[in-house]
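# Reading the structure
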Amino acid sequence: MKKILFIFNPRSGKAQIRNKLMDILDIFTKAGYELTVHVTQRCGDAMEAAAAYGGNADLVVCSGGDGTLNETISGLMKLDQIPDLGYIPAGSTNDFASSLKISKNMKRAAEAAVFGEPFPIDIGCFCGDRHFVYIAAFGAFTEVSYLTPQDKKNVLGHQAYMLEGMKSLASIKSYGMRIECGEMTLEGEFIFGMITNTMSVGGFKGLVAQNVALDDGEFEVLLIRTPKTPLDLTNIINYMFLKEEPNEYVHKFRTRSLKILSEEPIDWVLDGEFGGTRREVDINNLKKRIRIMRKVPKKQ
Ligand SMILES: [Mg+2]
């Protein structure tokens, strides 16, 4: 009998799985799977469960927010043979689920997990020991996302806590950095950076290019230099929220890997969760490393 390991975070997205759990388990059972269910107990638990039990499964399905997805993938990355992954989004943000066109309807997402087709996606390797699925970021707009407790995230929603971050722009912190990649080297003071493999990030319109591929072995990179005047800052914000013309403070490019050296340790955020404090960061794109199940698009 085929085996599913189902890992879910009971608290994600106002505990919305509470009313859908029976349906989800029923869908898996009807599809002919033997089930192992792991209810996450604390931070890090999804990663441990995926690493410990994922090797015995034909399919691993996780349900929760971006953090649960990140943990599950990080756990799977420790396995020699990585099983296919299904994802049932339940968080308040789920940027990545929308990039993958995975339904927000939990039953439909569960059906896609067992009846869909595997779609390979790139995985970001961060400093050799951490992984991210869709974003690694530092600076001005990132702190709120992981400092905000889950309950508050549920109440506010993603956009609201991004806006919370904008309030602190007056006290924006600037970092002296050197960024190296195959294509170029940048030096100077920066307030924000993100390395992404996704079509949307928290409601920001101008941040990510239109023609993003999740399986091309490349990241989209956005770096913002420290503005010198309030007008410069306004231009940057307009660019981020309203998708106006890029300006001299904004660097946008694609790359397979990059190295960032900073004068002082910087807090990083990986898929919306705290990713550690580092002075030196190496980021590499692991092309098509995980296969995510999704609904087969209907032929025209
Ligand atoms: Mg890509």
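What comes next concerns the included structure. Every value quoted in this text rests on a predicted model; they were computed, and no experiment measured them. (Residues numbered from 1 in each chain as written. Predicted model: local features only at pLDDT ≥ 70, side-chain atom pairs only at ≥ 80, totals over all residues. Heavy atoms only, no water.)

## Thoughts on the side chain of N70
Selection rule: Numbering goes from the N terminus for both helices and strands, where a helix is a DSSP run of H or I of at least four residues and a strand is a run of E of at least two. Between buried and exposed lies partly exposed: a residue is buried under 20% and exposed over 50% of the maximum accessible area for its type, with that area taken using a 1.4 Å probe on protein chains only. Here a residue-residue contact requires only that any non-hydrogen atoms of the pair lie within 4.5 Å.
For N70, the position within the fold is in helix α4 (residues 66-76). For N70, a relative accessible area of 8% gives the class buried. If we skip the residues at most four places from it in the chain, N70 touches H131, F132, V133, L270 and D271.

## Comments concerning the coordination of the magnesium ion
The following threshold applies: Note: metal donors comprise N, O and S atoms at 2.8 Å or less from the metal (3.2 Å for Na, K and Ca); water molecules are not included, so apparent gaps in a site are possible.
Ligation of the magnesium ion by protein atoms is provided by N197 (OD1), A213 (O), D216 (OD) and E218 (O), these donors lying 2.2 to 2.4 Å from the ion. The motif formed by the donor residues of the magnesium ion, counted along the single chain, is N-x15-A-x2-D-x1-E. The class for A213 is partly exposed, based on a relative accessible area of 24%.

## Details of the nonpolar core
Across soluble globular proteins, nonpolar side chains have a tendency to be buried as a group. Note the cut-off: Take the buried residues of types Ala, Val, Leu, Ile, Met, Phe, Trp, Tyr and Cys, join any two whose side-chain atoms come within 4.5 Å, and each joined set is a nonpolar core. The domain limits used here are those given by an automatic or database domain assignment.
Ranked by size, the top nonpolar core spans 61 residues in total, and within it F6, F28, L85, I88, F96, I121 and I290 carry the most contacts. Domain assignment of the residues forming this core places at least three in each of domain 1 (2-116) and domain 2 (132-288). Ignoring anything within four residues of it in the chain, the contact list for I88 reads F6, I24, F28, V61, C62, S63, G64, M106, A109 and A110. Membership of the second largest hydrophobic core comes to 22 residues, among which are F126, F138, L270 and I283.

## A closer look at the packing of helix α2 (residues 21-30) against helix α6 (residues 106-115)
Heads up, the condition is: To get an axis, fit a line to the C-alpha atoms, keeping to the stretch in contact for a helix; angles then go from 0 to 180 degrees between the N-to-C directions. Each angle is binned into one of four classes, with values under 35 degrees roughly parallel, values over 145 roughly antiparallel, values of 65 to 115 roughly perpendicular, and all other values oblique. Each crossing gets its handedness from the near helix: less than a right angle anticlockwise from the far helix is left-handed, clockwise is right-handed. Note on residue classes: Ala, Val, Leu, Ile, Met, Phe, Trp, Tyr, Cys and Pro are nonpolar, Asp, Glu, Lys and Arg are charged, and everything else, Gly too, is polar.
It is the contact of α2 with α6, at a shortest axis distance of 9 Å, that shows an interaxial angle of 20 degrees. With respect to α6, the element α2 is oriented roughly parallel. As for the relative orientation of α2 and α6, their crossing is right-handed in sense. Counted together, D23, I24, I27 and F28 of α2 and M106, K107, A110, E111 and V114 of α6 form the full contact between these two elements. For the contact of α2 with α6, the class distribution of residues is 6 nonpolar, no polar and 3 charged.

## Looking at the pairing of strand β4 (residues 84-89)
Applicable threshold: Should DSSP find at least two bridges between two strands, the strands are taken to pair. By convention, orient the strands away from the viewer: a clockwise path from the first strand over the helix to the second makes the crossover right-handed.
Extensive coverage of β4 is indicated by the burial of 6 of its 6 residues. Going residue by residue along β4, you find D84, G86 and I88 tucked away on one face and L85, Y87 and P89 tucked away on the opposite face as well. In the sheet, strand β3 (residues 59-64) pairs with β4 via 6 bridges, with the strands oriented parallel. Residue pairing in the sheet places L59 in a bridge with D84 of β4. Regarding topology, α4 serves as the crossover connection from β3 to the parallel β4, and that connection is right-handed.

## As for the packing of aromatic side chains
What counts here: Note on ring pairs: Phe, Tyr and Trp rings are taken, using the six-membered ring of Trp, and paired if centres are within 6.5 Å. Classes follow the plane angle, with under 30 degrees stacked, over 60 edge-to-face and the rest tilted. Consider the ring centre and the ring normal. A charge sits over the ring if Lys NZ or Arg CZ is within 6 Å of that centre and within 35 degrees of that normal.
Under the defined criterion, the tally for this structure stands at 6 aromatic pairs. Plain terms: the ring middles of F6 and F28 are 5.3 Å apart, the flat faces sit at 85 degrees to each other, and that makes the pair edge-to-face. Of the two residues, F6 sits in strand β1 (residues 2-8) while F28 sits in helix α2, which places them 22 residues apart along the sequence. Its relative accessible area of 0% is what places F6 among the buried residues. One aromatic cluster is present, built from ring pairs that chain together F126, F138, Y175 and W268. Between the NZ or CZ atom of K2 and the centre of the ring of Y33, over which it lies, the distance is 4.4 Å. Taking the ring centre of F119 as reference, the NZ or CZ of R294 above it sits at 3.8 Å.

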